[in-house]
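Now for the letters of each chain:
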Amino acid sequence: MKALKPIALSALSLIVLSACNNTQNNNQTDIAAPIAKKVPFEMKHHGNTRVDNYYWMRDDERKDPEILAHLEAENSYTEQKLKHTEALQAQLFDEIKGRIVKDDQSVPVKQGDYFYGSEVSGDNEYSVYTRAKDLAGTDKQVLLDVNELAKAHDYFSVSTLTVSENDNLLAYGEDTLSRRIYTIRIKDLTTGEYLKDKIEGTSGNIVWGNDNTFLYYIKKDPQTLLGYQVYRHVLGTDQSSDELVYEEKNKAYYTYISKSKDSSLVYIHHSSTEARGVSIIDANDAKAKPTRFIPREDKHEYSIAKLNNDFYITTNLDAVNFRLMKVDASKVGDKAYWQEVLPARDNVKLEDITLFDNHLVYQERENGLTNVTVRKLDSGKEFNLDFKDTAFAAGMYGNNELDNASVRLYYTSMTTPSSVIEYTLEDGKKTVLKEQKVLGDFNSDNYVSERIMVTARDGKKVPVSLVYHKDKFKKDGTNPLYQYGYGSYGATFDPTFSTSRLSLLDRGFVYAIAHIRGSQMLGRPWYEDGKKLTKKNTFNDFVDVTKALVEQGYGAKDKVFAVGGSAGGLLMGAVINQAPELYRGVASHVPFVDVVTTMLDESIPLTTNEYDEWGNPNEKAYYDYMLSYSPYDQVKRQAYPNLLVTTGLHDSQVQYFEPMKWVAKLREYKTNDNLLLFKTDMEAGHGGASGRFKRINDTALEYAFFIDLLKQ
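Residues numbered from 1 in each chain as written. Predicted model: local features only at pLDDT ≥ 70, side-chain atom pairs only at ≥ 80, totals over all residues. Heavy atoms only, no water.

Remarks on the pattern of salt bridges
If charged atoms from side chains of opposite charge come close, those side chains can pair.
No. 1: A full pass over the atoms with the stated rule returns 45 salt bridges.
No. 2: Glu66 is paired through a salt bridge with Lys37; the nearest N and O atoms lie 3.1 Å apart. In this pair, Glu66 sits in helix α2 (residues 65–81) while Lys37 sits in the loop between α1 (11–21) and β1 (42–45), placing the two residues 29 residues apart along the sequence.
No. 3: Since its relative accessible area comes to 28%, Lys37 is described here as partly exposed.
No. 4: One salt bridge in this structure joins Arg375 and Glu382, with 2.7 Å as the shortest N-O distance. (Salt bridge = Lys/Arg side-chain N within 4 Å of Asp/Glu carboxyl O. Helix = DSSP H or I, 4+ residues; strand = E, 2+ residues; numbered from the N terminus. Buried < 20%, exposed > 50% of the residue type's maximum accessible area, 1.4 Å probe, protein only.)

As for the packing of helix α3 (residues 86–98) against helix α13 (residues 694–710)
No. 1: Two elements in contact, α3 and α13, have axes whose closest approach is 8 Å; the angle formed by their N-to-C orientations is 130°. With respect to each other, α3 and α13 are oriented oblique. When you trace α3 past α13, the crossing you get is right-handed. In contact with Leu88, Gln89, Leu92, Phe93, Ile96 and Lys97 of α3, α13 contributes Ile696, Asn697, Thr699, Ala700, Leu701, Tyr703, Ala704, Ile707 and Asp708.
No. 2: Class assignment of the residues belonging to the contact of α3 with α13 gives a composition of ten nonpolar, three polar and two charged. (Axes fitted to C-alpha atoms, helices over the stretch in contact; angles between N-to-C directions. Parallel < 35°, antiparallel > 145°, perpendicular 65-115°, else oblique. Left-handed = near helix turned anticlockwise from the far one by under 90°. Contact = heavy atoms within 4.5 Å. Nonpolar A, V, L, I, M, F, W, Y, C, P; charged D, E, K, R; others polar.)

Quick look at the side chain of Thr416
No. 1: Tracing the sequence through the fold places Thr416 in the loop between β29 (406–412) and β30 (419–424).
No. 2: Among the polar contacts listed, one links the side chain of Thr416 to the side chain of Asp389, at a separation of 3.3 Å.
No. 3: Only 2.9 Å separates the side chain of Thr416 from the side chain of Ser413, close enough to count as a polar contact.
No. 4: When near neighbours in sequence (up to four residues on either side) are disregarded, Thr416 contacts Lys388, Asp389, Tyr411 and Phe497. (Polar contact = N/O pair within 3.5 Å; in protein donor to acceptor, adjacent residues only side chain to side chain.)

A look at the packing of aromatic side chains
No. 1: What the rule picks out here adds up to 29 aromatic pairs.
No. 2: Plain terms: the ring middles of Phe214 and Tyr216 are 5.7 Å apart, the flat faces sit at 85° to each other, and that makes the pair edge-to-face. The burial state of Phe214 is the same as that of Tyr216; both residues are buried.
No. 3: Relative to Phe657, the ring of Tyr656 has its centre 5.3 Å away and its plane inclined at 80°; by these criteria the two rings are edge-to-face. No difference in accessibility class separates Tyr656 from Phe657, as the two residues are buried. (Phe/Tyr/Trp six-rings, centres within 6.5 Å; stacked < 30°, edge-to-face > 60°.)

A closer look at helix α12 (residues 657–669)
No. 1: Here α12 is 13 residues long and its end C-alpha atoms lie 18 Å apart, about the 18 Å a rise of 1.5 Å per residue gives.
No. 2: With eleven of 13 residues buried, α12 lies mostly within the body of the structure.
No. 3: Taken together, the buried positions of α12 are Phe657, Glu658, Pro659, Met660, Lys661, Trp662, Val663, Ala664, Lys665, Leu666 and Arg667.
No. 4: Residues of α12 that are buried in the fold lie against α2, α8 (567–578), β37 (585–589), α9 (595–599), β38 (642–648) and β39 (676–681). (Expected span 1.5 Å × (residues − 1).)

A closer look at the pairing of strand β24 (residues 348–356)
No. 1: A large share of β24 lies buried, amounting to seven of its nine residues.
No. 2: Bridge analysis of β24 against strand β25 (residues 359–366) gives eight bridges, and the strand direction is antiparallel. When the bridges of β25 are listed, Thr354 appears paired with Val361.
No. 3: Hairpin connection of β24 to β25: two residues between the antiparallel strands. (Pairing = 2+ DSSP bridges.)

Re the sheet that holds strand β22 (residues 323–328)
No. 1: Taken together, the four strands give an open sheet; going across it, the order is β20-β21-β22-β23, and neighbouring strands pair in antiparallel fashion. Here the strands that pair on one side only, and so sit at the sheet edges, are β20 (302–307) and β23 (339–342). Each strand of the sheet is rotated relative to its neighbour by a mean of 30°, with strand direction disregarded.

Here we look at the nonpolar core
No. 1: Residues Tyr482, Phe542, Leu549 and Tyr583 are the most contacted members of the largest nonpolar core, which totals 110 residues.
No. 2: The element that contributes the greatest number of residues to this core is α13, accounting for nine residues.
No. 3: Sequence-distant contacts of Tyr583, that is, excluding residues within four places in its chain, are made with Phe542, Val543, Thr546, Val560, Ala562, Val575 and Pro641.
No. 4: Core analysis: the second largest hydrophobic core is formed by 15 residues, Phe356, Phe392, Tyr411 and Tyr423 among them. (Core = buried A, V, L, I, M, F, W, Y, C linked by side-chain atoms within 4.5 Å.)

With respect to the side chain of Lys535
No. 1: Following the sequence through the fold, Lys535 ends up in the loop between α6 (524–528) and α7 (536–551).
No. 2: No salt bridge is formed by the buried Lys535, whose closest oppositely charged neighbour, Glu613, lies at an N-O distance of 4.4 Å. (Lys, Arg positive; Asp, Glu negative; His and termini not counted.)

Looking at the pairing of strand β13 (residues 214–220)
The two faces of the sheet receive side chains in turn, since in a regular strand these alternate between them.
No. 1: Counting buried positions over the seven residues of β13 gives six, a clear majority of the element.
No. 2: Pairing of strand β12 (residues 194–208) with β13 involves four bridges; the strand directions are antiparallel. Residue pairing for β13: Ile206 is matched across the bridge by Tyr217.
No. 3: Following β12, the chain reverses through five residues before pairing antiparallel with β13; Asn212 in that reversal takes a positive phi of roughly 70°.
No. 4: Of the pairings in the sheet, the one linking β13 to strand β14 (residues 227–234) comprises seven bridges and is antiparallel in character. Of the residues in β14, the one forming a bridge with Lys220 is Gly227.
No. 5: What sits between the antiparallel neighbours β13 and β14 is a turn of six residues, in which Leu225 has the positive phi angle 65°.

Note that every value here comes from positions in space, so none of it alone points to a role or purpose.
In structure tokens form, the structure reads like this:
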């Protein structure tokens, strides 16, 4: 399906549009909203004809003057409608920024002979990456100052920094457009000079070969933005001579690379929604070819970790919630030799493992809560790590060395700022390496977190995490309620701490995370019951949680606000079509709302990879089902809540024209005078603005939008 040929605005129409949106009037309601033209575009599938009047808004080059003018007009309209909130936005920005420690540094992570970390200072937007020979930072060396690199760019992002095995060369990717397409640069850490090598069009994912003369990277398809080719680059040679090592032919798979903890192997990971696997390459051989760990199979998901001559396999083979197996390296390629290490359990999901010389540490989730267990490999003796909160988020990270004496975790809850903690592997002795500081008058004792279960319309129990200021909450149905949700791809949003959220809690808001189906909060079946032909459970759960929270006195029925982004933006679109009367205001960020049209178009980035998540609409059963909930297709003549919709012009995940079309159609169909505001960041992509402080502006805008609605 090709985009329509761009049609330029006439000079007169541009003048009229500009005049409408630059009107200065004390009465904000008199400002005219941008009204998009309608150009009928027919799409026929499975005997069904859809007419899309706003299909013309798609421009893959992002250069069409009419489209850019309309986006700017929407930005101007939003700015003027919210002009009276500028002081509130500034206040919120200052509050949030004021809680952030300006001069801060990460807890360094050991890799080889060095401890690697990052630090920020003053009003700098970006990190400075460093390394030292010890944890204390003696003789610290600056590897990369991103602030210097970013000076000439409106947007700047670096991919993960990767250092060669001899510690002398640093490779990383630069993205200056927010399309997540990186150019790899290589810096000589002994001289501070850059090599001439420049590798373009990559995912930013890099792994070094062990002799320090070559590296592996992933090339992206410039149209679909799918990383699908693994190349080997020899230093000092032109990119055109790089060797193609692996090419993914199946567009349903994502490809990424990593290295075994002992550095002996390069892993090529093959990941789709319903299948995962690995190919391996000898990291010592500059001519090596990849081999499959086992033949790839539909519905089989597995990952591997290597310890000495054994591979540990986390697999869903005959295990819905996964189990752990082990096989000798000489038996790779045949599942018949796999031996069980951790059995499958119906109500407990195995989420992660990490290996040390004589210890296995594994992380599970039971009834939505995380458990971490340390097992001594020679004796089989185990103990669990202790956590203080009843609802929290914890996970392993930075455990790069096999001979570590401790395992490192991050820990946080909705009332507890994040911490970095180490537990000794022999006895579980706990050492807190760092606690996030919150400046100002923050006191965690002022806040209360709850975890409740809400009964959905089909009888399923939906977990909900709540936090509020204890002195501003009476559970009498008077508080404003901010409800967040996502519910796709099996992504589980744990109850974590947020410094920016305090600005809501201190104003009496109750903050709720609805752990709806489509996540894996209650294990793998919770995900399976919220995708493809069961996707509507995700939307129903969110609506049912809203109703229950109001009924139980957590929020006032006329002060409920809902928020979601990306697939969570789809959630917002579906929810306001189903139950618009429940919400006073909704913020939908980078929303995936034109589900059917996008999933039918393989030229749109990251479409075919998603068939196992949403279904393939080329099949009638999926087409009909997706059409029945697609937010854009289901817009109807009814009253809608106050809406704030945001996107980025260069978004590589959800294209800008999806929310642009959605807003235009909502303007056409909505029957009330509630606000409908649309803001496009003309420089950013899916993740929004780059820089630690610039992002606060987006949060302040959303919060001000909601707080202002309470005054009306």
